[in-house]
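What follows is each chain in one-letter form.
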Amino acid sequence: MKHSSKVALCGMICALCTVCMFMTGLFPFATYALPAIAGVLLCVVVIELSPRWALVVYLAVSCLSFLLSPDREAALFFVAFFGHYPTLKYIIECTRSRLLQYVMKFSLFNVCVISAFLLLLYLFRLPNLMEEFGELGKYGVWGLLVLGNITFAVYDFALSRVILTYLNWFRPRFLKRHS
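Residues numbered from 1 in each chain as written. Predicted model: local features only at pLDDT ≥ 70, side-chain atom pairs only at ≥ 80, totals over all residues. Heavy atoms only, no water.

1. Overview of the overall build of the protein chain
Note the threshold: Only runs of H or I of at least four residues qualify as helices and only runs of E of at least two qualify as strands under DSSP, and these elements are numbered from the N terminus. Relative accessibility thresholds used throughout: buried, under 20% of the residue-type maximum; exposed, over 50%; partly exposed, between the two (1.4 Å probe, protein chains only).
Helices and strands together make up the secondary structure of the protein chain, namely eight helices and zero strands. Each helix (α) and strand (β) of the protein chain, taken in turn from the N terminus, gives the series α-α-α-α-α-α-α-α. Based on the C-alpha atoms only, the size of the protein chain along its principal axes is roughly 55 × 40 × 25 Å. Among the 179 residues that make up the protein chain, the fraction classed as buried is 40%.

What follows is the structure in structure tokens.
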């Protein structure tokens, strides 16, 4: 693939990801879904080009998200997890041990989510965040983290299936490329 084609593909994926992030203002109930979809789009860059190109697109979309996205929480979750996870998933899955893959994936998820939560709490000064858990208090946070891990397992499984569909169905039919 020529360098200009690579740049064009990255530009198109960057634009689509930015549109997804901008749409969080139109669909406030999609605070987590739209950043996840934007992250899925980065899989195309990882597959067609390389993880290095995908990280460049991730950085560009991250900057644009904080500038253009009306939903700061969605932008934070894209930057903290959904944007870089497809690239890191590719790198992690190069490891031969399945057990090590799962340990690395869940460790990455938990570090990212806890970091994002602490950023929301202390850097963005959202004291009401803890009050939203009501009587459950800190136990509500732990319960939410457990539910988040279950959701992450489903997301990782679904992302793997989307990648397989892209490789085995979309790519051969529309791009005339085989894995």
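2. Looking at the side chain of S69
Worth spelling out the cut-off: Polar contacts, as counted here, are pairs of nitrogen or oxygen atoms within 3.5 Å of one another; within protein the pair requires one atom able to donate a hydrogen and one able to accept it, and residues that are adjacent in sequence qualify only if both atoms are side-chain atoms. The contact definition used throughout considers only heavy atoms, calling two residues in contact when any of these lie within 4.5 Å.
Note on placement: S69 falls in the loop between α3 (51–68) and α4 (72–82). Here the side chain of S69 touches T24 through a polar contact of 3.2 Å, side chain to side chain. Within the structure, S69 has its side chain in polar contact with the backbone oxygen of D71 (distance 3.2 Å). Not counting the four nearest positions on each side in its chain, S69 is found in contact with M21, T24, L64 and A75.

3. Considerations on α3
Heads up, the condition is: Helices are assigned an expected span. That span is 1.5 Å times one less than the residue count. By arc we mean the arc of the directions from the helix axis to the C-beta atoms, nothing more.
Over its 18 residues, α3 runs 25 Å from end to end, which matches the ideal 26 Å to within 8%, given 1.5 Å per residue. Along α3, the residues that are buried comprise A54, V57, Y58, V61, S62 and S65. Relative to the axis of α3, the buried residues are bounded by an arc of 145 degrees and lie together on one face. Exposed residues pointing more than 90 degrees away from the buried face of α3 are listed as R52, V56, L59, C63 and L67. For α3, the elements touching its buried residues are α1 (3–22), α2 (33–48), α4 and α5 (85–92).

4. Examining the packing of aromatic side chains
Put simply, the rule is: Any two rings among Phe, Tyr and Trp, with Trp reduced to its six-membered ring, count as a pair given centres within 6.5 Å; such a pair is stacked if its planes are under 30 degrees apart, edge-to-face if over 60, and tilted if neither.
Within this structure, the stated rule accounts for 16 aromatic pairs. Considering the side-chain rings of F82 and Y155, the 5.4 Å spacing of their centres and the 80 degrees angle between planes classify their relative orientation as edge-to-face. Of the two residues, F82 sits in helix α4 while Y155 sits in helix α8 (residues 137–175), which places them 73 residues apart along the sequence. Look at F82 and you get buried, because its relative accessible area is 13%. Judged by relative accessible area, which is 14%, Y155 ranks as buried. Aromatic side chains W169 and F174 sit 5.6 Å apart centroid to centroid with 70 degrees between the ring planes, which places their arrangement in the edge-to-face category. With relative accessibility at 42%, the residue W169 sits in the partly exposed group.

5. Digging into the pattern of salt bridges
Our working definition: Throughout this description, the term salt bridge denotes a Lys or Arg side-chain nitrogen within 4 Å of a carboxyl oxygen of Asp or Glu.
A complete count under the given rule lists six salt bridges for this structure. Residue R171 pairs with E48 through a salt bridge whose shortest N-O separation is 2.7 Å. On the criterion of sequence distance, the pair formed by R171 in helix α8 and E48 in helix α2 is long-range, its members being 123 residues apart. Residue class for E48 comes out buried when judged on its relative accessible area of 12%. The residue E48 makes a salt bridge to R177 at a minimum N-O spacing of 2.4 Å. Taken together, the positions of E48 in helix α2 and R177 in the segment after α8 put the pair 129 residues apart, joining distant regions of the chain. Note on R177: relative accessible area 32%, which makes it partly exposed.

Without other data, these values stay purely geometric and don't point to any function.
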